[in-house]
Amino acid sequence: MNQSMDNFLPYNLNNIEDSILLPCVKEINESPETKSKGLEFLRNELKKLQDIEPCLEESFLLRFLRVSKYNASNAFQRMLKYYKHQEVLLDSLKRISLHLEEVRSLNYTFMSPYRLKNHSVLGFLLAGNIDYSEMTFAQRFYLDILSLTAILDNPVNQITGFTIIMDYKGFDIRSFLAHTPSWTKFFVDTFLKSYPIRMKAAHIVNAPSIFLTVYRICYPFIPKKLQKRIFIHPNGSWKSLHSSVPPEVLPEEYGGKLKFDSCINILENIEALDAQFRKRFSFGYIKTKASRQSFRPIVSKNEISEHRDSHQKW
């Protein structure tokens with residue numbers, strides 16, 4: 001490793017027992033005692049629910065305890081919000097269909113191979129690369145969920161949190177029209193209020209003036225605590241971004257020292273992420289269980305051809 005990179009942990013760090021993570025663990029009040037008490041509280045409260053079949057796996061419950069800094073009551077309330085939101089998610093996404101091969105070739109979500117000095121992971125969302133003449137916001141939204149699934153699967157990331165750079169280069173009038181107030185609010189509610197992710201900071205770059213209208217629509221829906229963690233950087237210079245994110249962990253496209261091909265394409269293993277998400281999605285309100293279990297938005301071209309052939313034979 002380059003000597004200048006010694007202060008940056010690797011993205012794929014997954015051992016929460018690593019002593020270097022101790023300050024992060026203390027920050028969220030995690031200890032054997034708080035973990036045991038928190039898990040017991042959540043399981044007891046969740047088992048009392050009459051209309052929800054909850055997931056009681058430790059690895060899943062810990063996500064909500066960690067984002068709530070082991071305030072078990074807050075974690076429980078967030079879980080209730082999460083399951084209510086899954087109902088809205090089901091209704092919003094139940095008709096989408098994504099072709100496996102096309103998604104794999106999509107240049108959309110990536111992770112830096114190195115973490116920041118606060119050990120949070122650093123992601124890149126190339127939002128301007130979505131062609132809304134070919135993809136709906138609902139389809140793009142599901143890809144965001146799968147990307148989040150990948151991040152949260154690593155327990156270290158649940159503890160250290162997540163920093164994101166949102167690149168809006170290429171954001172045009174079609175993009176603007178796709179970002180309706182209802183979809184924008186839904187996006188914020190999902191990732192900032194319902195899902196168990198510790199958002200450390202969001203940095204917006206390459207934003208054209210038309211995007212700022214979307215941002216003004218979105219801003220009131222963002223929790224006040226997180227409003228202070230969103231930064232819009234001026235176009236044409238990376239000095240502002242580098243004051244928060246060191247160039248050592250950034251690709252050259254952002255004035256950094258890394259080749260972009262060293263970054264990790266989160267959606268490369270999209271089949272596995274889709275399976276992971278749908279496994280969790282099977283838990284929730286009992287009345288919609290069958291609909292959630294049949295939810296399968298990603299299909300291959302071969303499956304589409306087979307379905308078409310069988311339909312024609314019929």
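Since this is a predicted model, take the numbers as computed values, not measurements.

A. Just the pattern of salt bridges, in detail. A complete count under the given rule lists 17 salt bridges for this structure. Residue K200 pairs with E27 through a salt bridge whose shortest N-O separation is 3.7 Å. Pair noted here: K200 is in strand β6 (residues 199-205) and E27 is in helix α1 (residues 22-27), with a separation of 173 residues, a long-range link. Across the pair E252 and K259 runs a salt bridge, and its minimum N-O distance is 3.2 Å.

B. Representation of the UniProt feature "domain: CRAL-TRIO" (unreviewed entry) in the protein chain within the structure. As annotated by UniProt and renumbered to match this structure, "domain: CRAL-TRIO" (unreviewed entry) occupies residues 122-262. Structurally, residues 122-262 comprises 43% helix and 14% strand, and the distance from its first C-alpha atom to its last is 13 Å.

C. Region of interest: the sheet that holds strand β3 (residues 109-111). The strand order β7-β6-β5-β4-β3-β8 describes an open sheet built from 6 strands, whose pairing is mixed. Only two strands of the sheet have a single neighbouring strand rather than two, namely β7 (230-232) and β8 (264-265). Looking at chain direction, β3 and β8 are connected through 2 bridges and run antiparallel. Paired with M111 across the strands is I264, a residue of β8. Set on the sheet, helix α6 (residues 137-152) makes contact with β3, β4 (121-125) and β5 (162-167); between it and β4 the angle comes to about 165 degrees.

D. Quick look at a negative patch on the surface. Taken together, the side chains of E101, E102, D131, E134 and D172 present a region of like negative charge at the surface. Owing to a relative accessible area of 40%, D131 belongs among the partly exposed residues under this scheme.

E. Layout of the environment of V249. You can see V249 is positioned in the loop between α12 (239-242) and β8. Classification of V249 as buried rests on a relative accessible area of 0%. For the pair V249 and L122, spaced 127 residues apart in sequence, the C-alpha to C-alpha distance is 8.3 Å. Setting aside its immediate chain neighbours within four residues, V249 contacts M5, F8, S112, Y114, R115, L116, L122, F124 and L258.

F. Geometry of the packing of helix α2 (residues 32-47) against helix α3 (residues 58-67). Direction vectors running N to C along α2 and α3 enclose 105 degrees, while the axes themselves pass 10 Å from each other. In terms of their interaxial angle, α2 and α3 are classed as roughly perpendicular. Side by side, α2 and α3 meet where K35, G38, L39, L42, R43 and L46 of the first sit next to E58, L61, L62, L65 and R66 of the second. Among the residues making up the contact of α2 with α3, the classes are represented as 6 nonpolar, 1 polar and 4 charged.

G. Molecular detail of unusual backbone geometry. With a phi close to 55 degrees, K69 is a non-glycine residue in the positive phi region. Within the fold, K69 resides in the loop between α3 and α4 (72-93). Residue class for K69 comes out partly exposed when judged on its relative accessible area of 36%. Positive phi outside glycine occurs at N206, with the angle close to 55 degrees. Mapped onto the secondary structure, N206 falls in the loop between β6 and α10 (209-218).

Reading the values: the criteria
Residues numbered from 1 in each chain as written. Predicted model: local features only at pLDDT ≥ 70, side-chain atom pairs only at ≥ 80, totals over all residues. Heavy atoms only, no water. Salt bridge = Lys/Arg side-chain N within 4 Å of Asp/Glu carboxyl O. Helix = DSSP H or I, 4+ residues; strand = E, 2+ residues; numbered from the N terminus. UniProt positions renumbered as here; feature names shortened; annotations may be inferred. Pairing = 2+ DSSP bridges. Contact = heavy atoms within 4.5 Å. Axes fitted to C-alpha atoms, helices over the stretch in contact; angles between N-to-C directions. Patch = residues over 30% accessible without salt bridge, like charges linked within 9 Å, V, L, I, M, F, W, Y side chains within 5 Å. Areas by Shrake-Rupley, 256 points an atom, 1.4 Å probe, with all protein chains shown as cover. Lys, Arg positive; Asp, Glu negative; His and termini not counted. Charge placed at Lys NZ, Arg CZ, Asp CG, Glu CD. Buried < 20%, exposed > 50% of the residue type's maximum accessible area, 1.4 Å probe, protein only. Parallel < 35°, antiparallel > 145°, perpendicular 65-115°, else oblique. Nonpolar A, V, L, I, M, F, W, Y, C, P; charged D, E, K, R; others polar.

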